[in-house]
Every structure is written in structure tokens, then in C-alpha cells.
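So the chains spell out like this:
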Amino acid sequence: MTDRQPPRLRLPYPVALGVAWVSEALARAHLLQDPIATLAGVRMARNRMYFSSDKARRELGYESGPAWRGIEDAIAWFRAEGYLPD
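All values derive from a computational prediction rather than experimental measurement.

Asker: So what's going on with the packing of aromatic side chains? Which residues, and what values?
Answerer: Enumeration according to the criterion identifies three aromatic pairs in this entry. Taking 6.0 Å as the distance between ring centres and 75° as the angle between the ring planes, the aromatic pair formed by F78 and Y83 counts as edge-to-face. With relative accessibility at 57%, the residue Y83 sits in the exposed group. Every member of this aromatic cluster is reached through a ring pair, and the members are W77, F78 and Y83. The ring of Y13 carries the charged tip of R46 above its face, separated from the ring centre by 3.9 Å.

Below is the structure:
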């Protein structure tokens, strides 16, 4: 949907954690505007996360839309905020 290639480099967790640590340190020292990777992001990426809307459906009558629509909305937001090129 973004017309971009996925990352080709896959780093082992300890290496990614080290990159995030150094990246955050450089950003704190104002040598980088933003960290390339964050410790929180690397730690979260290690875990598989699953979500369910069953409770919201059951208790609130919530009806979710198709996943592709949520992905399109997220991409539009990232573009509008300057995180993705047009």
C-alpha cells in the first residue's frame, strides 16, 4: 500500500538493542535529531502481539471494519505527519 520495499536487513535482537541504545544516546547528545531505533520499539518488536475486539463487540455492540481500511488510514496519517514520503 505504500509502494515501499520492506526492510532487507534483519538484525539479531541483541544487535538491534545495541543500535537502539547508541541511537538514543546520540539523540540525547543532540548528535541525531531523532533516534534511528528506540529501546521501547526494539523491545516491543520482540513480542508477538495479538488483539481481539470480542469483548467490545459483546459488551458494547462494536463492529470493526476491514483491516485494509485501518492500514490505509494509518498510512495516510504517517504521510500527513511526514513519516512517509508522498
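Asker: Lay out helix 1 (residues 13-28) in plain terms, naming residues and giving numbers.
Answerer: With 16 residues, helix 1 should cover 22 Å at 1.5 Å per step; its first-to-last C-alpha distance of 22 Å lies within 8% of that length. The elements touched by buried residues of helix 1 are helix 2 (39-45).

Asker: Talk me through a nonpolar patch on the surface; I want residue IDs and the actual numbers.
Answerer: Residues L9, L11, V15 and V19 make up a contiguous nonpolar surface patch of about 340 Å² in total accessible area. Counting through the fold element by element, V15 comes out in helix 1. V15 sits in the partly exposed class, given a relative accessible area of 41%.

Asker: So what about unusual backbone geometry? Which residues, and what values?
Answerer: One can expect most non-glycine residues to show negative phi and most peptide bonds to be in trans. With a phi close to 60°, D3 is a non-glycine residue in the positive phi region. Here D3 lies in the segment before helix 1.

How each quantity is defined
- Residues numbered from 1 in each chain as written.
- Predicted model: local features only at pLDDT ≥ 70, side-chain atom pairs only at ≥ 80, totals over all residues.
- Heavy atoms only, no water.
- Phe/Tyr/Trp six-rings, centres within 6.5 Å; stacked < 30°, edge-to-face > 60°.
- Buried < 20%, exposed > 50% of the residue type's maximum accessible area, 1.4 Å probe, protein only.
- Lys NZ or Arg CZ within 6 Å of the ring centre and 35° of its normal.
- Helix = DSSP H or I, 4+ residues; strand = E, 2+ residues; numbered from the N terminus.
- Expected span 1.5 Å × (residues − 1).
- Contact = heavy atoms within 4.5 Å.
- Patch = residues over 30% accessible without salt bridge, like charges linked within 9 Å, V, L, I, M, F, W, Y side chains within 5 Å.
- Areas by Shrake-Rupley, 256 points an atom, 1.4 Å probe, with all protein chains shown as cover.
- Salt bridge = Lys/Arg side-chain N within 4 Å of Asp/Glu carboxyl O.

Any link to function would need more than the numbers given here.
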